[in-house]
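# Examination of the molecular architecture
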Amino acid sequence: MKSAIRQKLEQLAFRLEEVDALLSSEDAARDMQAFRRLSLERAEIEPAARLYARYLQVEADLRQAEALRSDPEMRELAEEEIASAKDGLPELELELQKLLLPRDPDDARDILLEIRAGTGGDESALFAGELFRMYSRYAERQRWQVETLSANASELGGYREIICRVAGANVHARLKFESGAHRVQRVPETETQGRIHTSACTVAVMPEADAVEAVELNPAELRVDTFRASGAGGQHINKTDSAVRVTHLPTGIVAECQDGRSQHQNKASALKVLAARIKDVEARAQQAKEAATRKSLVGSGDRSERIRTYNFPQGRVTDHRINLTLYKIAAIMEGDLDEIINALASERQMEQLAALAGD
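Residues numbered from 1 in each chain as written. Predicted model: local features only at pLDDT ≥ 70, side-chain atom pairs only at ≥ 80, totals over all residues. Heavy atoms only, no water.

## Side note on the sheet that holds strand 6 (residues 222–227)
The three strands are arranged 6-7-8 in an open sheet whose pairing can be described as antiparallel. Looking along the sheet, the strands with just one partner apiece sit at the ends: strand 6 and strand 8 (253–257). Taking the axes of each pair of neighbouring strands and ignoring which way they run, one obtains an average angle of 15° across the sheet. Strand direction decides the pairing type here: strand 6 and strand 7 (residues 243–248), joined by six bridges, are antiparallel. When the bridges of strand 7 are listed, Phe-227 appears paired with Ala-243. (Pairing = 2+ DSSP bridges. Helix = DSSP H or I, 4+ residues; strand = E, 2+ residues; numbered from the N terminus. Axes fitted to C-alpha atoms, helices over the stretch in contact; angles between N-to-C directions.)

Structure (structure tokens):
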């Protein structure tokens, strides 16, 4: 084990002892906020500290067995213990390295999922609708909640743009690698000569801010416009200026919502989308700085980056970031995304492990 990694683990083990002493003190329960903070810290560091104690025990057993190897009567037993320890140490070390990997603070957050039709006209809008259905089906499998905030439907079906909120356990952790350009290759229903067309949609997965205030939206820097909602929507639509468009003047970022039943509701949704978009821009700027020194194997999440191709004639889906091709397009479009998502998460973990070893 590298000395830097061992040093980090020693610090965690020492800190666990400190936290245990603080939690067991007589004054621990007097400040409940501090008590909860220490309890959360303990829950976070205990797995690595406990596993490191097990690693140290295996190392001690190995040294003891090597010392016994010189004894003829104990040699056979010692050789067995040495082999067992040497087999177990690398696996324990890998698990310890995984526990030391930095955690994405946004992993537990809910997300705003934005799907936009790109090149391909009506066919792209249809595919945007299918992507929304794919993610909705996946959300159902995960028992997540999906709430549509804004939808701009196309004339032939699908969406020019749709924004929804997805809430549940570890939503961002599972879907954060979906940002980017999704390309579809197939024969459109309107194609009379059977030619394969290529269209594209962009997907943005943005962690939801804790509150609008989390991105420090200054009311003086916002322009709020109201307008009459378009499209079918029942008796409350098209009769009042209930749709809301909010512009963040310093950045030019715009968000609008018209699906709510009132101007107040639409403004709240638009502010939520705006806050997430600003947070997303800030996060991508930070990622760009990091990418300058270390290129991410699973991509930066840039909107223009082509990440996946859905080829219907061949029945395949290819993720270009990790060269993964699956011939199960029907199942994937029904929300069977775990194989792709797990592969992307594993690739990211391997990249982080390589970086940890390099450090």
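## What about the pattern of salt bridges?
For the coordinates displayed, the defined rule picks out 33 salt bridges. Here Asp-27 makes a salt bridge to Arg-30, at a shortest N to O gap of 3.3 Å. A salt bridge links Asp-336 to Lys-328, with the nearest nitrogen and oxygen atoms 3.1 Å apart. Relative accessible area serves as the criterion here: at 24%, Lys-328 is assigned to the partly exposed category. Via salt bridges that share partners, Asp-20, Arg-42, Glu-46 and Arg-50 belong to a single interconnected network. (Salt bridge = Lys/Arg side-chain N within 4 Å of Asp/Glu carboxyl O. Buried < 20%, exposed > 50% of the residue type's maximum accessible area, 1.4 Å probe, protein only.)

## Observations regarding the environment of Lys-8
Of note, Lys-8 is situated in helix 1 (residues 3–23). In this structure Lys-8 comes out as partly exposed when scored by relative accessible area, which is 37%. The contacts of Lys-8, once residues within four sequence positions are left out, are Leu-100 and Leu-356. (Contact = heavy atoms within 4.5 Å.)

## Remarks on the pairing of strand 5 (residues 197–207)
In terms of residue burial, strand 5 counts as a mostly covered element, since eight of its eleven residues are buried. Summarising the sheet, strand 4 (residues 180–186) and strand 5 pair through seven bridges and their orientation is antiparallel. Its bridge partner lying in strand 5, Arg-183 is registered against Ala-200.

## Some details on the packing of aromatic side chains
Within the structure shown, the criterion is met by four aromatic pairs. Considering the side-chain rings of Phe-132 and Tyr-159, the 5.9 Å spacing of their centres and the 80° angle between planes classify their relative orientation as edge-to-face. Residue Phe-132 is found in helix 4 (residues 122–142), and its partner Tyr-159 is found in strand 3 (residues 159–167); the two are separated by 27 residues along the sequence. You can call Phe-132 buried: its relative accessible area is 13%. Their ring planes at 80° and their centres at 5.6 Å tell us that Tyr-138 and Trp-144 sit as a pair that is edge-to-face. Trp-144 gets classed as buried once you look at its relative accessible area, which sits at 9%. The cationic tip of Arg-186 hangs over the ring face of Phe-312; the distance from NZ or CZ to the ring centre is 4.8 Å. When the ring centre of Phe-227 is taken as origin, the NZ or CZ atom of Arg-245, which lies over that ring, is 4.4 Å away. (Phe/Tyr/Trp six-rings, centres within 6.5 Å; stacked < 30°, edge-to-face > 60°. Lys NZ or Arg CZ within 6 Å of the ring centre and 35° of its normal.)

## Points about the nonpolar core
Membership of the largest hydrophobic core comes to 33 residues, with the highest contact counts inside it found for Leu-113, Ile-115, Leu-131, Tyr-135, Leu-175 and Tyr-310. Looking at this core, the elements with two or more residues in it are strand 1 (111–117), helix 4, strand 3, helix 5 (171–175), strand 5, helix 7 (329–333) and helix 8 (338–358). The residues contacting Tyr-135, other than those within four sequence positions of it, are Leu-113, Ile-115, Leu-175, Glu-178, His-182, Val-203, Arg-308 and Leu-337. Judged by nonpolar contacts, the second largest core, of 19 residues, contains Ile-163, Cys-257, Leu-274 and Ala-276. (Core = buried A, V, L, I, M, F, W, Y, C linked by side-chain atoms within 4.5 Å.)

## What about helix 2 (residues 32–68)?
When the terminal C-alpha atoms of helix 2 are compared, their 52 Å separation across 37 residues agrees well with the 54 Å that a helix rising 1.5 Å per residue should span. The axis of helix 2 is deflected most strongly, by about 40°, at Ile-45, and proline Pro-47 appears within four residues downstream. All buried positions along helix 2 are accounted for by Ala-34, Leu-38, Ile-45, Ala-48, Ala-49, Leu-51, Tyr-52, Tyr-55, Val-58, Glu-59, Leu-62 and Ala-65. Contacts from the buried residues of helix 2 go to helix 1 and helix 3 (75–100). (Expected span 1.5 Å × (residues − 1). Bend = angle between axes of the 7 residues up to and from the residue.)

## Considerations on the confidence of the model for the chain
On average, the chain scores 84 in pLDDT, and the residues at 70 or more come to 89%. Of the regions scoring below 50 in pLDDT, residues 232–237 engages in five contacts with residues more than four places distant in sequence or in other chains. (pLDDT = per-residue confidence, 0-100.)

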